[in-house]
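# Tertiary structure, described
Here is what each chain is made of, one letter per residue.
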Amino acid sequence: SPTLHDMLGAPAGLKLTLATRLRYEALDGQPRAGLNADDEQLALRTNLFLEYSLGHLRIGGELQDSRAWLGKPGSALSSADVNTLEPVQAYLGLDLPGVLGRGSRLSVEGGRFTFNLASRRFVASDDYRNATSGYTGLRAFLKARDGTAATLFFVLPQTRLPDDFPSLLANRAALDRESFDLQLLGGVVNRPRVLLGGAAELGFYRLVERDAPGRPTRDRRLNTISARLVRDPAVGKADFELEGAWQSGHASTGTAANAAMQAVDAGMVHAAFGYSFRGPARARLSVFYDWMSGDRPGGAHNRFDTLFGGRRFEFPPAGILAVIGRANLSAPGVRLDLAPGKRFDAMVVYRPMWLASRSDAFSQTGVIDRTGASGRFAGHSIDFRARYWLVPGSLRGEINGDWIGKGRFLREAPNAPATGDTRYVAVSLTASL
């Protein structure tokens, strides 16, 4: 397929890509508290990326323009949907092969950038969401000859602006802000072929947050320690992924200046086992279980915080749905992936869902029963996605759908919307040059 780089006759050392995505979303049976029973959104995202290599030095930048329409008072519109004319990346990179010995590699980047880290459950550049997460700071990637790798980082996560509802409705532009009032630092070490052909990974993430002028916070001081064992899918073989994380530190009970501070004691577990079948369907069947702690009586803060983790690779979509995430959830499930050819792929996921703590809000719905009298069962979810390259490498269509059959908790909790079962559909076209 023709590329923008080729059409402009750009030099070989320049990477140049342009992509735009138009997506329509519709939802009825709103499961989240405080929002309209029905919602819809037309979202457009355009990315222009450039990176120029001068020997070992790289200079890169990316402009992302994210806009949304059809919102109205009571819609789920937020800065995760609208971020107009934002330079999400502007960085310098240095690549030094062999600096740590033969076969080794060291890369360092500084400036503004987006990135995915390890399992993407704690730091990610979410592709489904209309506006991504950006970071300002430093990161380094090291890889030894035996494949052992490490990523170290110190970044200031960007606050997407504007974030007031009238400005979002009007798609107004404002430069995102980073400051030392919100810091994220840590590292991940990965070693291949540790057990049963799987790689082992250890991670540490420290989040430091404090109030800024006009922007009160919960003053989070979170330490997250993660451990992961993963074997990637391969045709005719079994695969697995096991990841657990424990979160400690302190956070206040609210954003008021006099809010009490609580100790944090939270955790999460993800376990998945799959098998990729031979044959033209290229099918992979997997079973999984997710558990993320929720708040419970006792004085500590127990609700797990996913930091800046991604969602769509294992949960239903963000956008105007954004219901199921890594908090107060206990959910097994089964997933089928199909890829019969280079142009088409699809997946379908079924999961029944319970609350890990019956006295906390269910996942990201805001629906809560402090007494616990509404039980733990939230309902059933069926999630679907299909993608097809209409023009290979240049134009791809995608459809996402989700159905949530509400269980007792989402029907009987005191603030549960009386809106019936949830139905969500999103149709999109992505053009790339």
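Here the structure is shown first, and the text comes after it.
These lines cover the structure that appears in this document, whether it is placed above or below. (Residues numbered from 1 in each chain as written. Predicted model: local features only at pLDDT ≥ 70, side-chain atom pairs only at ≥ 80, totals over all residues. Heavy atoms only, no water.)

Attention shifts here to the overall build of the protein. On a plain count of helices and strands, the protein comes out with three helices and 18 strands. The C-alpha atoms of the protein give 22 Å as radius of gyration, which agrees with the globular expectation for 433 residues (22 Å, within 12%). Dimensions along the principal axes, computed over C-alpha positions, put the protein at roughly 65 × 50 × 45 Å. Counting every position in the protein, which comprises 433 residues, the buried fraction comes to 51%. Considering only intrachain contacts with a sequence separation of at least 6, the fraction spanning at least 24 residues in the protein is 62%. With the model as given, the accessible surface of the protein reaches about 19,200 Å², and the carbon-plus-sulfur share is 62%. Averaging the coordinates of the 53 positive side-chain charges in the protein and doing the same for the 43 negative ones gives two points 5 Å apart. (Helix = DSSP H or I, 4+ residues; strand = E, 2+ residues; numbered from the N terminus. Rg over C-alpha atoms; globule rule 2.2 N^0.38 Å. Buried < 20%, exposed > 50% of the residue type's maximum accessible area, 1.4 Å probe, protein only. Contact = heavy atoms within 4.5 Å. Areas by Shrake-Rupley, 256 points an atom, 1.4 Å probe, with all protein chains shown as cover. Lys, Arg positive; Asp, Glu negative; His and termini not counted. Charge placed at Lys NZ, Arg CZ, Asp CG, Glu CD.)

Let's shift gears to the nonpolar core. Core analysis: the biggest nonpolar cluster contains 47 residues, and Leu 184, Tyr 205, Leu 307, Leu 329, Met 353 and Phe 362 have the highest contact counts within it. Looking at this core, the elements that each hand over two or more residues are strand E7 (149-157), strand E8 (182-195), strand E9 (198-209), strand E11 (238-252), strand E12 (261-276), strand E14 (329-338), helix H3 (408-412) and strand E18 (422-432). Apart from residues no more than four positions distant in its own chain, Met 353 is found in contact with Ile 324, Leu 329, Ser 330, Ala 331, Phe 362, Arg 376, Phe 377, Ala 378, Gly 379, His 380, Ser 381 and Ile 404. (Core = buried A, V, L, I, M, F, W, Y, C linked by side-chain atoms within 4.5 Å.)

On to the environment of Val 155. Locating Val 155 in the fold gives a position in strand E7. By relative accessible area, Val 155 is classed as buried at 0%. The sequence separation of Val 155 and Gly 187 amounts to 32 residues, and the corresponding C-alpha distance is 11 Å. Those residues in contact with Val 155 that sit more than four places away from it in its chain are Phe 113, Tyr 135, Thr 136, Gly 137, Leu 138, Leu 182, Gln 183 and Leu 184.

This part is about the packing of aromatic side chains. Summed over all chains, the structure comprises ten aromatic pairs. With a centroid separation of 5.0 Å and an interplanar angle of 70°, the aromatic rings of Tyr 275 and Phe 277 are classed as edge-to-face. A residue is classified by how much of its surface remains accessible, and Tyr 275, at 33% relative accessible area, is partly exposed. Its end group placed over the ring of Tyr 128, Arg 312 keeps NZ or CZ at 6.0 Å from the ring centre. (Phe/Tyr/Trp six-rings, centres within 6.5 Å; stacked < 30°, edge-to-face > 60°. Lys NZ or Arg CZ within 6 Å of the ring centre and 35° of its normal.)

Secondary-structure assignment places Thr 365 in the loop between strand E15 (344-354) and strand E16 (377-391). Within polar-contact distance, the side chain of Thr 365 engages the backbone oxygen of Phe 362 at 2.8 Å. Apart from residues lying up to four places away in sequence, Thr 365 is in contact with Pro 31, Arg 32, Ala 33, Val 323 and Leu 410. (Polar contact = N/O pair within 3.5 Å; in protein donor to acceptor, adjacent residues only side chain to side chain.)

Another point: the pairing of strand E6 (residues 135-143). In regular strands, side chains alternate between the two faces of the sheet. Strand direction decides the pairing type here: strand E5 (residues 105-113) and E6, joined by nine bridges, are antiparallel. Looking at the pairing, Phe 113 lines up with Tyr 135 of E6. Where E6 lies against E7, nine bridges are found, and the strand directions are antiparallel. Pairing of Leu 138 across the sheet is with Phe 154, part of E7. Following E6, the chain reverses through five residues before pairing antiparallel with E7; Gly 147 in that reversal takes a positive phi of roughly 95°. (Pairing = 2+ DSSP bridges.)

As a further point, take the pairing of E8. Relative to E8, E7 runs antiparallel, the two sharing seven bridges. Paired with Phe 154 across the two strands is Leu 185, which belongs to E8. Where E8 lies against E9, eleven bridges are found, and the strand directions are antiparallel. Its bridge partner being in E9, Arg 191 is matched across the sheet by Ala 200. Taking the residues between adjacent antiparallel strands as the criterion, E8 and E9 are bridged by two residues, where Leu 196 takes a positive phi near 55°.

Of note, Glu 398 is situated in strand E17 (residues 395-406). Of the side chains bearing the opposite charge, Arg 396 lies closest to the buried Glu 398, which forms no salt bridge; the N-O distance is 4.5 Å. Separated by 2.7 Å, the side chains of Glu 398 and Asn 400 make a polar contact. In this structure Glu 398 touches Tyr 128, Arg 385, Ala 386, Arg 387, Ala 426, Val 427 and Ser 428, once residues within four positions along its chain are discounted. (Salt bridge = Lys/Arg side-chain N within 4 Å of Asp/Glu carboxyl O.)

Another aspect to go through is the pattern of salt bridges. Here the structure, examined in full by the defined rule, presents 28 salt bridges. A salt bridge links Glu 201 to Arg 228; the shortest N-O distance between them is 3.0 Å. Linking Glu 201 in strand E9 with Arg 228 in strand E10 (residues 221-231), this pair joins segments that are 27 residues apart in sequence. Connected through salt bridges with shared partners, the residues Arg 121, Glu 201, Arg 228, Glu 241, Glu 243, Glu 314 and Arg 326 form a single ionic network.

We now examine the environment of Val 235. Along the polypeptide, Val 235 turns up in the loop between E10 and E11. Sequence spacing of Val 235 and Tyr 91 is 144 residues, and the spatial spacing of their C-alpha atoms is 38 Å. Those residues in contact with Val 235 that lie beyond four places of it in its chain are Ser 276, Phe 277 and Arg 278.

Following Leu 161, the chain continues to Pro 162 via a peptide bond in cis, the omega torsion being -5°. Positive phi, close to 50°, is recorded for Arg 193, a residue that is not glycine. You can see Arg 193 is positioned in strand E8. Notably, Ala 322 is not glycine yet its phi reads approximately 45°, a positive angle. Residue placement: Ala 322 occurs in the loop between strand E13 (284-292) and E14.

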